[in-house]
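Chains, contacts and geometry: an overview
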Amino acid sequence: CAFGIDAQCFTDEKSTFVKHTANILTGTVMENLLEFVVLVPGLKRFLEIFNINVFKPTSSRYLRDIVVKSMEARRKSKERRNAMIDFMLDCIDKVGEKSEDEGLIESKDQFDKDQSFSHDRKGAKLTSDDVVATALTMLVAGYDTTAITLSYLSYSLAKHPHVQQKLQEEVDQA
């Protein structure tokens, strides 16, 4: 995945990662409605007073721990998988420094120039919580967009059987 974590999603359908991810990504109508309640002014404080957490704390904590442990392991081993987590760790470690790629020499090709960061890192310090939040955002956004795309693709193929037939023939040939 983008964060270089082997979650065994494809090899073990009873994976703990799959279970917690599914818990976050699915919910009843009432659970989904409660998640929007925190947006109503004053109701968030009400939920805090009565210690009501609508964001599935067990699954959220599990996924947070996975990302944090992955970050710690990467820092200790110095292993790079060129995953999103590596790039975010670079940002955490290098805030406030000048970019080493500043003043790129002409001999580098365009691809190398495009792949490098060539800006001052003067912004606010990126924390591990920021990395976790980004990981969960990407997980949810990736799931949602993929699901919508596949749903629309299925709908379009059902509405256009001649295209479906052509696609089936191409898949059979491959």
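Higher on the page you've got the structure.
The notes below deal with the structure included here. Note that the structure is a prediction, hence the values are computed from the model and not measured. (Residues numbered from 1 in each chain as written. Predicted model: local features only at pLDDT ≥ 70, side-chain atom pairs only at ≥ 80, totals over all residues. Heavy atoms only, no water.)

**Side note on the side chain of H20**
Mapped onto the elements of the fold, H20 is located in helix α1 (residues 16-25). When its relative accessible area of 9% is taken as the criterion, H20 is described as buried. Excluding residues within four positions of it along the chain, H20 makes contact with T58, S59 and Y62. (Helix = DSSP H or I, 4+ residues; strand = E, 2+ residues; numbered from the N terminus. Buried < 20%, exposed > 50% of the residue type's maximum accessible area, 1.4 Å probe, protein only. Contact = heavy atoms within 4.5 Å.)

**Points about the nonpolar core**
Membership of the largest hydrophobic core is limited to twelve residues, which are I5, V67, V68, M71, A83, I85, M88, L89, I92, V131, V132 and A135. Of all elements in the fold, only α4 (57-77), α5 (84-93) and α7 (128-159) reach the threshold of two or more residues within this core. It is α5 that contributes the most residues to this core, four residues altogether. (Core = buried A, V, L, I, M, F, W, Y, C linked by side-chain atoms within 4.5 Å.)

**A short note on a nonpolar patch on the surface**
On the surface, V40, L43, F46, I49, F50 and I52 cluster together to form a nonpolar patch covering roughly 540 Å² of accessible area. Within the fold, I52 resides in the loop between α3 (43-49) and α4. Given the relative accessible area of 40%, I52 is considered partly exposed. (Patch = residues over 30% accessible without salt bridge, like charges linked within 9 Å, V, L, I, M, F, W, Y side chains within 5 Å. Areas by Shrake-Rupley, 256 points an atom, 1.4 Å probe, with all protein chains shown as cover. Salt bridge = Lys/Arg side-chain N within 4 Å of Asp/Glu carboxyl O.)

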